[in-house]
Amino acid sequence: SPEYKKTRSVVTEPYGAFHGTVRAAGVHRFTAGSSRRRRHSDLRTIIDPIVAGTQIKEYIQICLAMELNTIKDAFDRVTKKQKLSSSKSQEVIEQLGHEIEQAVSTLQLVHDSISQPDHRLILAELKTKLNEIAPLSQLEATQKELNIALSKYPKLLEKSFNPDISKAYRNVDFDSHTINQIIANHLYCEGLFDLGDCFINEANETEASAMRIPFLEMYQILDAVKSKNLDPALNWADINRDKLKQNGSNLKLKLHRMQFVEILQNRGRDEALNYARTFLAPFASDHMAEVQKLMACLLWAGKLDSSPYSELLSLSHWDKLAEELNQQFCNILGQSCQSPLRVTVAAGIQGLPTLLKLMNVMTGKKQEWQTMKQLPVPVDLDREFQFHSIFVCPVSRDQASEENPPMLLSCGHVLCKQSITKLSKNNSTRPFKCPYCPSEVEVSKCRQLYF
């Protein structure tokens, strides 16, 4: 639904998750020019003057790196003090033990001898030696240095890792009904059916239970596959064979391949051959090499584990089969095999440090932070959180759209169409200078790019 898409867009729009996925000229300074760039240059009146002469993104990255380096240096100091204290203490303990052992040996020798000297004299000498080896003040000094380093480190952690993340929060209009559906869908997608039912009852979201039955069927099939029972999976694949073919999936062949190998291993060559004639023959026209390989396995009946095809017995095939079955099942349902809620939370956690640092830079400008429609810096996320290409014009900082598509200049740089129109002053015959190289570009030679 549009509301569902709107809620999922929290990953991309407010946080700029994919901002600058395709950049034509790297990271750019904010300079006056277009009205959009003037708005960016106005940020210099908002952000601390230290930042005004440099790029905000670089500043934030440097600050994060400096904080991490500071924490690492403090940790290294603590570990160094600990090792030094430990080594000194160990050395002293060994020396003390050696002197005590010598004193004990002396006392034993005196006890066995005829003469009976004063034992107190031996113990007094031992006490003097022990004090000379490790004065109490020396041991206290070593421990004191370690305690000072240990006491400073937690304070540095508290200062660097501020537990209050509310300052990075931005007012986003959420539809509670849509959010409840996403949460219920997440619980069913994770196989937590009892918890999902409880949530739906308490939230009074009966519509969200629509996905319970399909996901329940999926988990029943997956549980059967884990038990090496492929019949439920084969029945499902046969019912959805047209959709699987439309998706370009050969899941059905993989299921029959695993079933063939199981029959060959447990029931013998004849049953495996009959199974192949019935179920594998239809795949021969498109997957001849795979079918031939399975037919060759018949020659190794009873000893397939020592054959050239022993890899077919690997347990990893079952794991891969269950994973692909999960993906195709969710695909046919029109759902992501990964919970959107899980992906959104993981993406938010990864982008949180940059958002917190940006908010610290914009201290005292909470209103601007709440009303800002586009962040002045991109929030870089890992490839696992990038599901489609998005181009952001390096000049206007606008995201490309159907009305404002990306255009390839003759020099190789890429700008959005509206930026080209402004640079050429809406004159298609007038050449203009590329903002990122000395080349003169003609509008007529610009070509639209498709991602």
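Further up the page is the structure itself.
Described in the following lines is the structure provided in the data block.

The rules we used
- Residues numbered from 1 in each chain as written.
- Predicted model: local features only at pLDDT ≥ 70, side-chain atom pairs only at ≥ 80, totals over all residues.
- Heavy atoms only, no water.
- Phe/Tyr/Trp six-rings, centres within 6.5 Å; stacked < 30°, edge-to-face > 60°.
- Buried < 20%, exposed > 50% of the residue type's maximum accessible area, 1.4 Å probe, protein only.
- Helix = DSSP H or I, 4+ residues; strand = E, 2+ residues; numbered from the N terminus.
- 1 Å grid on protein atoms, 1.4 Å probe; cavity = no way out; pocket = protein on both sides within 12 Å on 5 of 7 lines; lining within 4 Å.
- Points joined across faces, edges and corners; volume = space filled by probe spheres on them.
- Pairing = 2+ DSSP bridges.
- Salt bridge = Lys/Arg side-chain N within 4 Å of Asp/Glu carboxyl O.
- Axes fitted to C-alpha atoms, helices over the stretch in contact; angles between N-to-C directions.
- Parallel < 35°, antiparallel > 145°, perpendicular 65-115°, else oblique.
- Contact = heavy atoms within 4.5 Å.
- Nonpolar A, V, L, I, M, F, W, Y, C, P; charged D, E, K, R; others polar.

1. Looking at the packing of aromatic side chains
Centre distance and the angle of the planes are the two values used to describe a pair of aromatic rings.
And step 1. Within this structure, the stated rule accounts for five aromatic pairs.
And step 2. Relative to F193, the ring of Y188 has its centre 5.9 Å away and its plane inclined at 25 degrees; by these criteria the two rings are stacked.
And step 3. Taking the relative accessible area as the measure of exposure, Y188 reaches 0% and is therefore buried.
And step 4. Taking the relative accessible area as the measure of exposure, F193 reaches 11% and is therefore buried.
And step 5. With a centroid separation of 5.0 Å and 20 degrees between ring planes, the pair formed by W236 and F329 is classed as stacked. Of this pair, W236 sits in helix 10 (residues 231–239) while F329 is found in helix 15 (residues 316–333), placing the two residues 93 residues apart along the sequence.

2. Description of empty space enclosed by the protein
And step 1. Evaluation of the coordinates by the stated rule reveals two cavities of 30 Å³ or more.
And step 2. In terms of lining residues, the second largest cavity is bounded by N185, H186, C189, F215, Q335, S336, S339 and P340.

3. Notes on the sheet that holds strand 5 (residues 447–448)
And step 1. Spatially, 2-1-5 is the arrangement adopted by the three strands of the open sheet, whose pairing is antiparallel. Only two strands of the sheet have a single neighbouring strand rather than two, namely strand 2 (414–416) and strand 5.
And step 2. The pairing of strand 1 (residues 406–408) with strand 2 spans three bridges and is classified as antiparallel. Bridge pairing in strand 2 places L408 opposite V414.

4. Looking at the pattern of salt bridges
And step 1. Per the stated rule, a full pass over the model turns up 10 salt bridges.
And step 2. For E271, the salt bridge identified is with R267, shortest N-O distance 3.5 Å.
And step 3. The class of R267 is exposed, set by a relative accessible area of 53%.
And step 4. Salt bridges linked by common partners bring D238, R241 and K252 together as one network.

5. Some details on the packing of helix 12 (residues 251–266) against helix 14 (residues 288–296)
And step 1. Interaxial distance between helix 12 and helix 14 falls to 11 Å at its minimum, and their mutual angle equals 5 degrees. Taken together, the axes of helix 12 and helix 14 lie roughly parallel to each other. Contact with helix 12, carried on its side by L253, R257, F260 and V261, involves E290, L294 and M295 of helix 14 and no other residues of that element.
And step 2. Here the contact of helix 12 with helix 14 is composed, by residue class, of five nonpolar, no polar and two charged.

6. Some thoughts on unusual backbone geometry
The general pattern is negative phi for most residues beyond glycine and trans for most peptide bonds.
And step 1. Backbone geometry at K228 places phi at a positive 65 degrees, although glycine is not the residue there.
And step 2. Note that K228 resides in the loop between helix 9 (212–226) and helix 10.

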